[in-house]
Every structure is written in C-alpha cells, then in structure tokens.
Amino acid sequence: MPPKPTVPEHIAVIMDGNGRWAKERGLPRREGHRAGAESVRECVEACKQLGVKYLTLYAFSSENWSRPADEVSALMNLLERFLEQKAEEMMKQNVRLRAIGHLDRLPEKTRNKLRDAMARTADNTAMTLVLALSYGSREEITEAARAMVHEAVEGRLVPGDVTPELVASHLYTADLPDPDLLIRTSGELRVSNFLLWQISYSEIVIYKKFWPDFKQADLFAAVEEYQARHRRFGGL
Ligand code: FPP
C-alpha cells in the first residue's frame, strides 16, 4: 500500500490581491478586504477539516503602514470586527488565536480586542490560527539579533552559543513549527518579507486568483499539490 499522504502541519498564506479584486468590480479597496475576510473564514474551516495544526496568515505587513490612512483604518476596523465576531466561533471550533509582529504599533483598540481574543482562546487545542500583524521578517530577525547582542553584553552568551536553533528561539515564532507549505495568491512570485527564516524548506504554491476568490477547494488543491511533491530537505 502506498504511504498515507501527510497533511502539512503548518500552512502559511500571503493573502494578496484584495485591491485588484475590488478594482475589477469598480468597488472601493476596502470592499476587497471585506471579501478577503470571508476567504479567511473559508481557509480556517478547510484547515480545521484537514487536521492542519497551524495556519499563519499575513494580515498586515510592516510596509502596509505606508498605505493611505483611510485604508489602514478600514483594515484595522475589519480586524476588530473579525476578532469580535469570530472569538465565539473559535471557542466552538477549539481554535487558539496567536499573533506575531510588532503588535505595539497597532491602535490601542485593535490591540485590546486582539489581546482579549487571544486570552479567551488560549487553552484551545485543535488548531492555532496565527495572524501576522504589523509583521516584517527583517524586523523580526533584527530584533532577534539585538536581543542576542544584549545577552552577550550581559555575559550570558558567547559567540559559540549562536546556532540556528538559538536564532530561531529569539524569533516571534519560537514556539511554532516552520511552515511546510506556503501559499500565495494573485500570481506574484515574491515572498514579500514574510517568514524569511521560517520558510527555508517550505513548499510554495502560487495561485493566480485574487485572495477574495480563494475558496476551500483551492486550499484542498494546494494541499494535494504539496502531497504530490517529494520533500528532500537538501538530501537525496
Ligand atoms: C493584500 O491585498 C491584502 C492585505 C494587505 C491585507 C489582508 C487582509 C485581509 C484578507 C482581510 C482581513 C484579515 C483578517 C484576518 C480579518 P492588497 O490590498 O495588497 O491587494 P492588491 O495587491 O491587489 O492591491
């Protein structure tokens, strides 16, 4: 019998194309983000069904702060509504919420709602939904380097202690496994400062369609493609 295909333990997603989806329909960009939030729901549900343990979504990058103020505020409002409305559902589904990124930069109201939803779902065990918010991988690695230099200055670290494991333990993702599968929508062939350290060995699946058009069937298809690939981690 062929071996049972493994379900990725951790899927990471670059949700791209909300703005273009809206433009194609003559709608304001915030409508694209609103439709994108619906795809988030579909994606979480599909991962839960498959038994994926971790799902990390790139919801707001460090670079996104440079968008017009009304778009940033529409995204923060959407996130707040998502946190309010979905906390109950996450409890029912036994989903734990986590966040990675420079969370201090988020508006206080958003941060409070995020903190409440994370506290409420902290003991859930079926799946972990990780929202990358005000996240940038270079900033994350820089912060890790800064923390290690501090430890060295205080005499708690010598150069020989610095290993890949030590670096990983200083990242926001210290307690998360690396993503097995990275999905990006809207056809762009870039990783856009997302989990640069953590995706070293991830399989990448790119979709041409825009994020609001990404449905459960697309998630299932991406996992099938992942299962069809032979992961060698640099070996034979
Ligand atoms: C990229 O599309 C998407 C974002 C910058 C934000 C992602 C946000 C959501 C999917 C909605 C809210 C999320 C949650 C978790 C409730 P883009 O605006 O860069 O699209 P474009 O490249 O076509 O302009």
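Relevant structure appears above.
Below is a short write-up of the structure.

The rules behind these values
Residues numbered from 1 in each chain as written. Predicted model: local features only at pLDDT ≥ 70, side-chain atom pairs only at ≥ 80, totals over all residues. Heavy atoms only, no water. Helix = DSSP H or I, 4+ residues; strand = E, 2+ residues; numbered from the N terminus. Expected span 1.5 Å × (residues − 1). Buried < 20%, exposed > 50% of the residue type's maximum accessible area, 1.4 Å probe, protein only. Contact = heavy atoms within 4.5 Å. Pairing = 2+ DSSP bridges. Axes fitted to C-alpha atoms, helices over the stretch in contact; angles between N-to-C directions.

Thoughts on helix 2 (residues 29-50)
Okay, so step 1: End to end, helix 2 covers 32 Å across 22 residues, agreeing with the expected 32 Å (1.5 Å per residue, within 8%).
Okay, so step 2: Among the residues making up helix 2, those that are buried are Gly32, His33, Ala35, Gly36, Ser39, Val40, Glu42, Cys43, Val44, Ala46 and Cys47.
Okay, so step 3: Looking at the buried residues of helix 2, the elements they touch are strand 1 (10-14), helix 1 (18-24), strand 2 (54-61), helix 3 (69-93), strand 4 (127-135) and helix 7 (216-228).
Okay, so step 4: A positive phi of about 90° marks Gly51, the residue just after helix 2.

Focus on the sheet that holds strand 5 (residues 181-184)
Okay, so step 1: Spatially, the six strands line up as an open sheet ordered 3-4-2-1-5-6, and their pairing is parallel. In this open sheet, the two strands that pair with only one neighbour each are strand 3 (95-100) and strand 6 (203-206). Averaged over neighbouring strand pairs, the angle between their axes works out to 20° when direction is ignored.
Okay, so step 2: Sheet topology note: the strand 2/strand 4 ladder contains seven bridges and is parallel. If you follow Tyr58 over to strand 4, its bridge partner there is Ala132.
Okay, so step 3: Lying on the sheet, helix 4 (residues 108-121) is in contact with strand 3 and strand 4; it crosses strand 3 at an angle near 140°.

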